[in-house]
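Survey of secondary and tertiary structure
Single-letter residue listing:
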Amino acid sequence: MLHVSVLRRRPGFCLEATFAAPTPGIIALFGRSGSGKSTLVNIISGLLAPDAGEVRLDDEVLTDTRAAIAVPVERRRIGYVFQDARLFPHLSVSGNLRYGEKRARAASRIIGFDEVVSLLGLAPLLARRPRELSGGERQRVALGRALLAQPRLLLLDEPLASIDVARREEVLPYLEALRDQLAIPMVYVSHQFDEVLRLATHVVLLEAGRVLAQGAVNEVSLRPELQSVVGPDLVGAVLEGVVVRLDPDSGSAELTVGTGTLQVSLRDVPLGSRVRLQLLARDVILATQPVQGLSVRNALASTVTAISNDDYGAVLVRLDVGGETVLARITQNALRALNLRPGDAVWTLVKAVSTRGHAFRLAAGP
Amino acid sequence: MNGTSGPAELDALRLSLEVAARSVGFSLPLAVLVAWILTRARFPGRILFDAFVHLPLVLPPVAVGYVLLILFGARGPIGAWLRSHFGIELAFTTAGAALATAVMTFPLMVRAIRLSLENVDRGLEEAARTLGAAAVDRFVSITLPLMLPGILAGAVTAFAAGLGEFGAVITFASNIPGATRTLPLALYTAMQSPSGDALALRLAMLSLALGLLGLLASELLVRRVRRLLGR
């Protein structure tokens, strides 16, 4: 477990955050810029000191202001991948990678040079200088450099922020590989829910220096607080399911989610793999009777469990679909026309192409 | 270092080079330390310390030489101590000329080194810290190599300026042929002599060539190092 409970007050900004998250796995610190994510990560690394509070990783106390404990940064064994990579310009890629490796104690060895090079695809880059690398390559080297310092926790502060959207695929698959193949816990700072959806096992939702919500990704996706951070258009339930049928010709797949099945548009995932996907609330359609002659691939029998106004003049309907919770965002007029009440049986309609999914293997899995 | 024979200008050239080289050798480590203190340390009286370091830039060189004479002369507090404990004599020796040159060129050197230290990205030092490097290790493995262009520029500039130091040297170390008569002192002596015009002209041309060479070498060196550092 990673326990963080800290207070840091500065003119114009106050961070007062407490969370506990399971390790290993990827803990996402999610929030808008200025919400205190980077400050929090710097406190965990030891680069910043809290005014009060503590940071504990498993049984070891890293910071405890009451007991006057503050393990120096260089002795924490916490890797840090900075937003701007911060590669040493006077060293080659290989020199950068070896920098932390040379300073790590042999006893704490968890990963070797060759393994890191092959895991991150760094072999063609070893002799190059940092200035000769693309943004994505730089972040991969920074990742490798941090790993070779044999960290027991890895901090990633928006590692994709300085990379073009189109080139983020140069890094994301490697992060997934690290999550699935190594037992090193990670703290991943992001303001893109997409990245959280794809990578995280646990989310801490931050706003103005405070923790609004925390928990597993699918739990947090249902929390109303998320809406104020991501906006109404990106609100939607996150579901996890297993691929039970693949139709490569049409690019569609069938997932079992809860007790039901879902048709989704999904390519490049193996049969039997675990997939996490988000159904955006604005894409979910409700019907009080079975419908015919529609292109919608999924019509799921469900029950309305709650109805609430959202902050943008629309209505969020919470539905139970085979034991899983799904959110639908409809207008006040639609609500009146359908005369929906909690407990009503409805059909939840979901287009196969309107799901955003990623293959996902839980860190504890095989 | 006395009594070496040879044409007067070669003697003066050799001495100038020696004095400048020794002065750079003296002051370089100290200049790195002072630059570090001025850039990174926060303490009361820092502004005063800064002014003190830069004093030789604005004082008459003769005054600097005079103060050195009072402190480091045979009967000066530091001079007497050095003499009785280590047998080192500074006043009126080549080493003394180097000391006077070092004091005069010190601000130039500190300035160049300080500029390069201010340009070192503190974020890189933080990164080194998260990778397990403690303070001295960080300084040696990251900060110092990144400061190298400034250190070299400072050393070469101080060396070039040191070749021509006149006032402080003649006051503190006098004008002794073969020991403290460097290029500018030899030039001055030749100008004082009725038959020295030709020698003075040769010495002046030599100084010019030397200065030009120094500046060019400095520029090329700094460029080369920058490339090595990946900028």
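Residues numbered from 1 in each chain as written. Chains lettered and ligands numbered in written order. Predicted model: local features only at pLDDT ≥ 70, side-chain atom pairs only at ≥ 80, totals over all residues.

1. Overview of helix α5 (residues 172-181) of chain A
Residue and element names in this part refer to chain A. Stated precisely, the cut-off is as follows: Three exposure classes are used, based on other C-beta atoms lying within 10 Å of a residue's own C-beta, which is placed from the backbone: buried for 20 or more, exposed for 12 or fewer, and partly exposed in between. By definition, any uninterrupted DSSP run of H or I lasting at least four residues is a helix, any uninterrupted run of E lasting at least two residues is a strand, and each is numbered from the N terminus. This arc describes the spread of directions from the helix axis toward the C-beta atoms. Contacts here follow a simple rule: the backbone-placed C-beta atoms of the two residues must lie within 7 Å.
What α5 keeps buried is the set Leu175, Leu178 and Arg179. The buried side chains of α5 occupy one side of the element, clustering within an arc of 95° when seen end-on. Buried-residue contacts for α5 involve β3 (26-30) and α6 (193-199).

2. Here's the deal with the packing of helix α6 (residues 122-130) of chain B against helix α7 (residues 135-163) of chain B
Residues and elements named next belong to chain B. Rules: Think of each axis as a best-fit line through the C-alpha atoms, taken over the contacting stretch in the case of a helix, with angles from 0 to 180 degrees between the N-to-C directions. Should an angle fall under 35 degrees it is taken as roughly parallel, and over 145 as roughly antiparallel, whereas 65 to 115 is taken as roughly perpendicular and any remaining angle as oblique. Crossings are sorted by hand: turned counterclockwise from the far helix by less than a right angle, the near helix makes the crossing left-handed, and turned clockwise it makes it right-handed.
As a packed pair, α6 and α7 sit with axes 10 Å apart at the nearest point and diverge in direction by 135°. The angle between α6 and α7 falls in the class oblique. The way α6 lies across α7 gives a crossing that is right-handed. Residue-level contacts link Leu124, Glu125, Ala128 and Arg129 of α6 to Arg138, Ser141, Ile142 and Thr143 of α7.

3. Re the confidence of the model for chain B
Residues and elements named next belong to chain B. Selection criterion: What pLDDT conveys is the predictor's confidence in a given residue, as a value from 0 to 100.
Scored by pLDDT, chain B comes out at a mean of 89, with 97% of its residues at no less than 70. Taken element by element, chain B is modelled with least confidence in helix α10 (residues 197-228), mean pLDDT 85, and with most confidence in α6, mean pLDDT 96. Within the model, pLDDT remains below 50 along residues 1-5, and this stretch shows 8 contacts once partners closer than five positions in the same chain are excluded. ipTM for the predicted complex: 0.84, alongside a pTM of 0.84.

4. Quick look at the pairing of strand β18 (residues 315-321) of chain A
Residues and elements named next belong to chain A. Stated precisely, the cut-off is as follows: Paired strands are those between which DSSP finds at least two bridges.
Across 6 bridges, the pairing between strand β17 (residues 298-309) and β18 is antiparallel. Looking at the pairing, Asn309 lines up with Val315 of β18. Taking the residues that link successive antiparallel strands as the turn, the β17-β18 hairpin has 5 residues, and the phi of Gly313 there is positive, at about 90°. In the sheet, β18 pairs with strand β19 (residues 324-330) via 7 bridges, with the strands oriented antiparallel. Bridge pairing in β19 links Asp320 to Thr325. What sits between β18 and β19 in their antiparallel hairpin is a turn of 2 residues, with Gly322 showing a positive phi close to 55°.

5. Some words on the sheet that holds strand β16 (residues 285-287) of chain A
All names here are of chain A. Strand order across the open sheet formed by 5 strands is β16-β20-β17-β18-β19, with antiparallel pairing between neighbours. Here the strands that pair on one side only, and so sit at the sheet edges, are β16 and β19. With strand direction ignored, the average angle separating the axes of adjacent strands in the sheet is 45°. Inspection of the sheet shows β17 paired to strand β20 (residues 345-350) by 6 bridges, in the antiparallel sense. Residue pairing in the sheet places Asn298 in a bridge with Val350 of β20.

6. Overview of the interface of chain B and chain A
So the rule is basically this: Ten residues, namely Ala, Val, Leu, Ile, Met, Phe, Trp, Tyr, Cys and Pro, are considered nonpolar, four, namely Asp, Glu, Lys and Arg, are considered charged, and the remaining ones, Gly among them, are considered polar.
At the junction of the two partners, chain B supplies 16 residues and chain A supplies 21 residues. Those elements that provide at least two residues to the side of chain B that touches chain A are α6 and α7 of chain B. The element best represented in the side of chain B that touches chain A is α6 of chain B, accounting for 6 residues. Of the residues contributing to the side of chain B that touches chain A, the split by class is 9 nonpolar, 4 polar and 3 charged.

7. Topic: the domain arrangement of chain A
All names here are of chain A. Applicable threshold: Source of the domain bounds: an automatic or database domain assignment.
Domain parsing of chain A yields domain 1 (2-224) and domain 2 (237-359). Relative to domain 2, the C-alpha centre of domain 1 lies at a distance of 33 Å. Across the boundary between the two partners, domain 1 contributes 6 residues, which contact 10 residues of domain 2. Mapped by element, the contributors of at least two residues to the side of domain 1 that touches domain 2 are α6 and α7 (217-221).

8. Quick word on the environment of Ala200 of chain B
Residue and element names in this part refer to chain B. Relative to the assigned elements, Ala200 resides in helix α10. Here the alpha-carbon distance between Ala200 and Ala190, two residues 10 residues apart in the chain, equals 5.4 Å. The contact partners of Ala200, leaving out residues within four places of it in the chain, are Leu187, Ala190 and Met191.

9. Notes on the packing of helix α9 (residues 183-192) of chain B against α10 of chain B
Residue and element names in this part refer to chain B. Here α9 crosses α10 at 155°, and the two axes come no closer than 8 Å. It follows that α9 is roughly antiparallel to α10 by the angle criterion. The element α9 and its partner α10 pack so that their crossing is left-handed. Side by side, α9 and α10 meet where Leu183, Ala186, Leu187, Ala190 and Met191 of the first sit next to Leu199, Ala200, Leu203, Ala204, Leu206 and Ser207 of the second. Across the contact of α9 with α10, the residue classes break down as 10 nonpolar, 1 polar and no charged.

10. A short note on unusual backbone geometry
Residues and elements named next belong to chain A. At the junction of Thr23 and Pro24, the peptide bond is cis and its omega measures out at -5° in the coordinates. The backbone of Ala85 sits at a positive phi, close to 65°, despite the residue not being glycine. You can see Ala85 is positioned in the loop between β7 (78-81) and α2 (93-103). By C-beta crowding, Ala85 is classed as buried, having 23 other C-beta atoms within 10 Å. Of note, Gln150 is a non-glycine position whose phi angle comes to about 55°, a positive value.

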